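# Coordinate analysis (summary)
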Amino acid sequence: MSTATLSDVGLDDRLGRAWKKPHFITNPVLRYALLGVTIIYLYLAVNSIEVNWARVSEGLVRGWEFVKAFGNPDFTSRWTDIREGMIESIIITIASTVVGIAISIPIGLGAARNIAPLPVYIICRAIVAISRALNEIIVAILMVAIFGFGPLAGFITLSFATIGFLSKLLAEEIEDMSRVQAEAIQATGSSWLQWINYGVQPQVMPRLIGLSIYRLDINFRESAVLGLVGAGGIGATLNTAFDRYEFDTAAAILIIIIVIVMALEYLSGVIRARVQ
Amino acid sequence: MLELKKLTKTYATGDQALKAVEVEIPAGQVLALIGPSGAGKSTLIRCINRLVEPTSGSVILNGENITKLSSSGLRRARRTMGMIFQEYALVERLTVMENVLSGRLGYVGFWRAFLRKYPQSDIDEAYRLLDRVGLLAMADKRADELSGGQRQRVGIARALIQDPKLLLVDEPTASLDPKTSRQIMRLICELCAERGLAAIINIHDVALAQMFVQRVIGLQLGAVQFDGPPDGLTPEVLTAIYGEEDWQATIEEVDEDDLENESAAA
Amino acid sequence: MPVVQNHGGPNGWKLHTTRQSMVRWFCWLLGVAIFLYCWNVISEATTWFFVWDSPRIAGDIGGRAMPPKWEYIDKLWEPIWDTLNMATLGTILALIMAVPVAFLAARNTTPNAYIIRPIALFIIVATRSINSLIWALLLVAIIGPGVLAGTVAIAIRSIGFCAKLLYEAIEEIDVKQVEAVTATGASRWQVMAYAIVPQIAPAFAGISVFRWDINIRESTVLGLVGAGGIGLQLQGSLNTLAWNQVALILLVILVAVVISEWVSAKVRGAII
C-alpha cells in the first residue's frame, strides 16, 4: 500500500498493523532491479581482478620493508638528486601557478554568463571544459612529446590545468555574486573595466585568493608525479628509487612531500582565515 | 518525587551556573522555571538527566540518586524522563514515525533500533500519540517537511512514548508564534494532567507561564529567588528576578490574555 | 576631474597610508622577482631548439594521429572494463576505510583528542598528499603489476580525501539532535545510528559519487606505471609511437570522463 492512501487511514485501522520505514526508492521494481544490477556488477568486478597470491605474499615482505623504511628514511645517500628534484618541483609549481592565475582571470570573467557576451562565454567555457577533461599526466605526455624532456613541459601542463580549475570556480563565484552591488556601481555610469574593478572584484577577491592558494597546493602535489613521464621535478628521482627498490630513499622523498603539503595546507588555512 | 539537593554546576570557564539549588517536586506537579537569560535554567534542566554533568550535589528521582549512576543505570533513568526542546531537536532527515519511535531507544537493543524492528506495542503507542497530538496523517512524512508547531508536537510525542514520570521541557515555545505557543503549552499541560506527570517547564514568557502552571520558580544567577504560586509574582518579585523594569504592564497583560483566550475558546 | 586634483592636495583621500602602500609594492616586487627567477631556471633547463621546432613536431604528431585507428577499439574493451572496476572497487574500499577514520578525526566523535585524533589526521594528510600514481608505483613494486595494485592505489589515495570531507560534515552536525536522542536513554551506538548517521548521510553519498568521478579520471592513467587499465595500452602505444592508437585511447578517455561526470551530477542531483 502506498503512503498516499495510508495518510488517509484513521487510527483504528492502523493499530495492530506493522510499520515499515518508507523506502528511499518507492517503486519496488526499480528498487530490486537496482539492487540486482549492483550485486551482479560487484560480483563480476571482483572476479575480474586476477590476484597472483604467491606474488602478493612475496610482496607483503617488501611492503613491510617499506613501512620500516618510513621509520628510518635515508635522506643522505641521494641527497643531491632529492634536492635538485625538489627545487625543480617547487619552481614548476610557483611559475605555473602564477601564469595559470594570470590567464585564469580573463577566462574566468569570460566564462561568467552574467558579465560576458554569449560568443565569449562559449569560447571560454570550451577552454575550461577541455582543460578539465584532460588528465594532467596525459597533457604532460603530449607536452613532453612536443617540447622535449624537462621542466618546461611540466610548467605548461600545470599552467593549463590551473586554467581549467581556477576559471571554472571563479566564473561560478562571479555568477553567484550579489547583483545589487554590481548594479549600484553600474548605475554610477562607470566604464566596463571600472565596473569590474569596483563592482565585481571586491566580491570575488577573497574566494580567488583562497582558490589560488589551494591550487598552489594541488600543483605541488601534481608536480611530484610529472617526473614519471619526463616533465621535470622530483618524480623522476622517486621513480628511480622505486625501480631500484631503494625504499628508504623513496620514503625520504615521500616524507618531504607530505611535510611540504602539510605546511602549504596550514599556510592556506591561515591566509584564507585572514582574507575572509 | 524529584529532589534536587545542593545542586551546583561550575563550567570549565569558571562560570558558576548553579549555586546549591534546592528544589522538591511532588508527583504530578507542573512547574515553570523562569529567569533572565544566563540564569541557569537550561543548565538546571540538563543537570537533572545529566546531559550536563553537575559539579556537586545530588538529583534524587523516586529515591534513586541519579548523579551516582553508572552509564547503563543512567540510560535506564533517562527513560523515565522525557525531554522537549526549544528548537524541537527532531532528527530532520528521519520520518515523523522514526522520530517518535526514537523515544523507545532506551528500551530496545541496538539491532532492533537499527533495523527499525520495534515491538508492535511500541508502534501502536506511537500511532496513538500521533493521533493525540493531531499528526497521524503525517506519520510517514520527513520531519523537515513539518511546520514549527507540528515539529514541536512530534517532539512531545517522542517524549511521551518513553512512558516517563517526569517531563523536562526546555523553552518549548521560544521559536513559535504566540498562538502556536499557547496551543503547545496547553497541550503539554493537558497531557501532564491526563497521565499524572510532573513537569519542569523552562520558559522566559512570564505571562504564558502564569497562565498554565501551578507553581513558579524564579532563578537568578544560578540561585532560587522565588518559589511559589503564579499569582505570587508581584512587581517586587519580578524586579528581584529580572532587575528594575515596569512590570505592571506584563502582569496586566496576563489578565487581558486570559480574557482573550477565553473568548477565543468560547 | 576635480577629484584627481584633490589627490595631490594636503588633505587628499588615499586608500592606503604611505607605509601600507610601501609594503604592498615591496610584496609585489618580491613576487615578480621570485617568478622571474623561477622562469629563468626553467628556461635554462630547456633546450630551446626543440621548443622553436615544436610547431613542426606538433604538426607531425597530429598528422600521424589523424585519423584515429578505429579498429583498435576491439582491443580496448577489456582495459576499459578494468579501468571502471579499479575506480569503482577502489572507491568502495576507500569509503569502508574512510568512515572509521573520519569518526576518529572529527572533534565531536573522536574517543581521544590527544592521541587518536592526531593519528587519524595524519592518515588523512599522508594519503591525500601523495598522488595515486605514486601509490600505484609503490604498490606495483610491492604486489606486482596488475589491476589489484591499481585498485589498492586508488583506494589509499581516496581515503584521505573522503575522510577529510566526511569529518568536516560530522563536525558540522546539529548537536541538539544528538542531545535529544541521548536524552531518551539511547546507547552510544544508538545515538550514532539515529542522530549522527541520518545527518551525514547526504554528505556521504555526495562525497562517494564525487570521488568516484575523480577516480575514473585517475584510473585511466595508472596503467602508465603498470597498474592495469587503459593506461597500459596508452603506454604501449606511446612506446611504439603509434599515434593513431594514442588518439583513439585519448578519445575513449575523454568520453569516459564526460560520462562519469554526467552520472555523478545526476546522482548528486537525485540525492540532494
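Residues numbered from 1 in each chain as written. Chains lettered and ligands numbered in written order. Predicted model: local features only at pLDDT ≥ 70, side-chain atom pairs only at ≥ 80, totals over all residues. Heavy atoms only, no water.

## Re helix 2 (residues 71-79) of chain B
Taken together, the buried positions of helix 2 of chain B are occupied by Gly73(B), Leu74(B), Ala77(B) and Arg78(B). For helix 2 of chain B, the angular spread of the buried residues around the axis is 140°, confining them to a single face. Looking at the buried side of helix 2 of chain B, the elements it contacts are strand 6 (81-84) of chain B together with helix 8 (175-183) of chain C. (Buried < 20%, exposed > 50% of the residue type's maximum accessible area, 1.4 Å probe, protein only. Helix = DSSP H or I, 4+ residues; strand = E, 2+ residues; numbered from the N terminus. Arc of directions from axis to C-beta. Contact = heavy atoms within 4.5 Å.)

## Looking at the packing of helix 4 (residues 77-105) of chain C against helix 7 (residues 147-171) of chain C
All names here are of chain C. Following both chains from N to C, one finds helix 4 and helix 7 inclined at 40°, their axes separated by 5 Å at the closest point. Considered as vectors, helix 4 and helix 7 are oriented oblique to each other. Two packed elements cross with a definite hand, and for helix 4 against helix 7 that hand is right-handed. Per-class residue counts for the contact of helix 4 with helix 7 are 22 nonpolar, five polar and two charged. (Axes fitted to C-alpha atoms, helices over the stretch in contact; angles between N-to-C directions. Parallel < 35°, antiparallel > 145°, perpendicular 65-115°, else oblique. Left-handed = near helix turned anticlockwise from the far one by under 90°. Nonpolar A, V, L, I, M, F, W, Y, C, P; charged D, E, K, R; others polar.)

## A word on the domain arrangement of chain C
Considered domain by domain, chain C is made up of domain 1 (1-40) and domain 2 (74-271). Taking only C-alpha atoms, the centre of domain 1 of chain C and the centre of domain 2 of chain C are 46 Å apart. (Domains from an automatic or database assignment.)

## Overview of the environment of Arg125(A)
Inspection of the secondary structure assignment puts Arg125(A) in helix 6 (residues 118-133). Look past the residues within four positions of Arg125(A) in its chain and what remains in contact with it is Ala111(A), Ala171(A) and Glu175(A).

## Looking at the interface of chain A and chain C
Opposite the 52 residues of chain A that make contact, chain C presents 55 residues. Here Glu261(C) and Arg132(A) are joined by a salt bridge, their closest N and O atoms 3.4 Å apart. The tally of links between chain A and chain C comes to ten residue pairs in polar contact (both at pLDDT 80 or more). A per-class count over the side of chain A that touches chain C returns 40 nonpolar, five polar and seven charged. (Salt bridge = Lys/Arg side-chain N within 4 Å of Asp/Glu carboxyl O. Polar contact = N/O pair within 3.5 Å; in protein donor to acceptor, adjacent residues only side chain to side chain.)

## Observations regarding the interface of chain B and chain A
Facing 17 residues of chain B, the contacting portion of chain A comprises 14 residues. With both chains or domains summed, chain B and chain A bury close to 1400 Å², and 63% of this area falls on carbon and sulfur atoms. Among the residues of chain B in contact with chain A, Tyr127(B), Leu136(B) and Asp140(B) are the three that bury the most area, contributing 37% of the side total. Between chain B and chain A we count zero salt bridges in total. Counting the contacts that link chain B with chain A gives three residue pairs in polar contact (both at pLDDT 80 or more). In terms of residue count, the dominant contributor to the side of chain B that touches chain A is helix 5 (residues 120-132) of chain B (six residues). Looking at the side of chain B that touches chain A residue by residue, the class counts come to nine nonpolar, two polar and six charged. (Buried area = accessible area lost by both parts, 1.4 Å probe.)

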